[in-house]
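Here are the chains, one letter per residue:
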Amino acid sequence: MSYISRAVSVANEQVRIASTKMDGLGPKKAIQVRYRLVISGNIKKKELTKYQIDQIEQIIDQDHVVHLELEKGEQADIERYISISCYRGIRHQDGSPLRRQRTHTNARTCRKQIRK
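Note that the structure is a prediction, hence the values are computed from the model and not measured. The residue count restarts for each chain, going from 1 along the sequence in the order it is written. Given that this is a predicted model, residues contribute local features only at a pLDDT of at least 70 and side-chain atom pairs are listed and counted only at 80 or more, while totals for whole chains, interfaces and linings are drawn from all residues. The side-chain numbers reported here are obtained from all heavy atoms of the structure, hydrogens and water having been left aside.

A. Structural context of the packing of aromatic side chains. Classification of ring pairs uses Phe, Tyr and Trp, with its six-membered ring standing for Trp, and accepts pairs whose centres are within 6.5 Å; under 30 degrees between planes counts as stacked, over 60 as edge-to-face, and the remaining range as tilted. Under the criterion given, the structure shown has zero aromatic pairs. For a lysine, the NZ atom is tested; for an arginine, the CZ atom; a charge sits over a ring if that atom is within 6 Å of the ring centre and within 35 degrees of the ring normal. A cation over a ring is seen here: Arg100 above Tyr87, with NZ or CZ 4.5 Å from the ring centre.

Structural data, given as structure tokens:
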């Protein structure tokens, strides 16, 4: 296994598939990164040179929010909802479904947490 921008991927995968498995990097952004570096999408990840891998990491770190930064941003959003006591923040605190789902017959795991 190898890492690009702290995301695990298999060495035998094609670059176009391996690059989309990073959190925050979808197919279109992955194509843009490969296009800027003139890397074919059909090449295997193990065939990339160390220099190409370093270039990919630099471009991703400069231009895109991925993996840990993305998770930190999501966590900050949740904390902001809780601090302003909006509906979603209250539901986050309770562990209830957020988006107005039915809780009378569904969401059993949420209801178990509420009863404790």
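Now, onward.
B. Inspection of helix α2 (residues 27-37) at higher detail. Using a 1.4 Å probe on the protein chains alone, a residue whose accessible area is under 20% of its type maximum counts as buried, one over 50% counts as exposed, and one in between counts as partly exposed. Starting at the N terminus, helices and strands are each numbered in turn, a helix being any DSSP run of H or I of at least four residues and a strand any DSSP run of E of at least two. Among all positions of α2, only Ala30, Val33, Arg34 and Leu37 are buried. Angular distribution of buried residues about the axis of α2 spans 95 degrees; they occupy a single face of the element. Exposed side chains of α2 directed beyond 90 degrees from the buried face belong to Lys28 and Tyr35. By the convention used here, residues are in contact when the closest approach between their heavy atoms is within 4.5 Å. Buried positions along α2 lie against α1 (15-18) and α3 (50-63). Val38 sits one or two residues past α2 and shows a positive phi near 55 degrees. Each direction from the helix axis to a C-beta atom contributes to the arc, which is the arc of those directions.

C. Representation of the nonpolar core. For this analysis, a nonpolar core means a set of buried residues of the types Ala, Val, Leu, Ile, Met, Phe, Trp, Tyr and Cys, connected via side-chain atoms within 4.5 Å. By size, the foremost hydrophobic cluster in this structure holds 12 residues: Val15, Met22, Leu25, Val33, Leu37, Ile39, Leu48, Ile53, Ile56, Ile59, Ile60 and Val66. At the level of elements, α2 and α3 are the ones that each hand at least two residues to this core.

D. Summary view of the packing of helix α4 (residues 68-83) against helix α5 (residues 87-94). To define axes, lines are fitted to C-alpha atoms, for helices over the stretch in contact only, and angles between the resulting N-to-C directions are given on a 0 to 180 degree scale. Contact pair α4 / α5: the axes reach a minimum separation of 7 Å and the direction vectors enclose 105 degrees. Regarding the angle of α4 to α5, the classification is roughly perpendicular. When α4 is examined against α5, the residues Ile78, Tyr81 and Ile82 are found in contact with a partner set consisting of Arg88, Gly89, His92 and Gln93. Across the contact of α4 with α5, the residue classes break down as three nonpolar, three polar and one charged. Any angle between 65 and 115 degrees counts as roughly perpendicular, while under 35 counts as roughly parallel, over 145 as roughly antiparallel, and the rest as oblique. For this classification, the nonpolar set comprises Ala, Val, Leu, Ile, Met, Phe, Trp, Tyr, Cys and Pro, the charged set comprises Asp, Glu, Lys and Arg, and every other residue, Gly included, is treated as polar.

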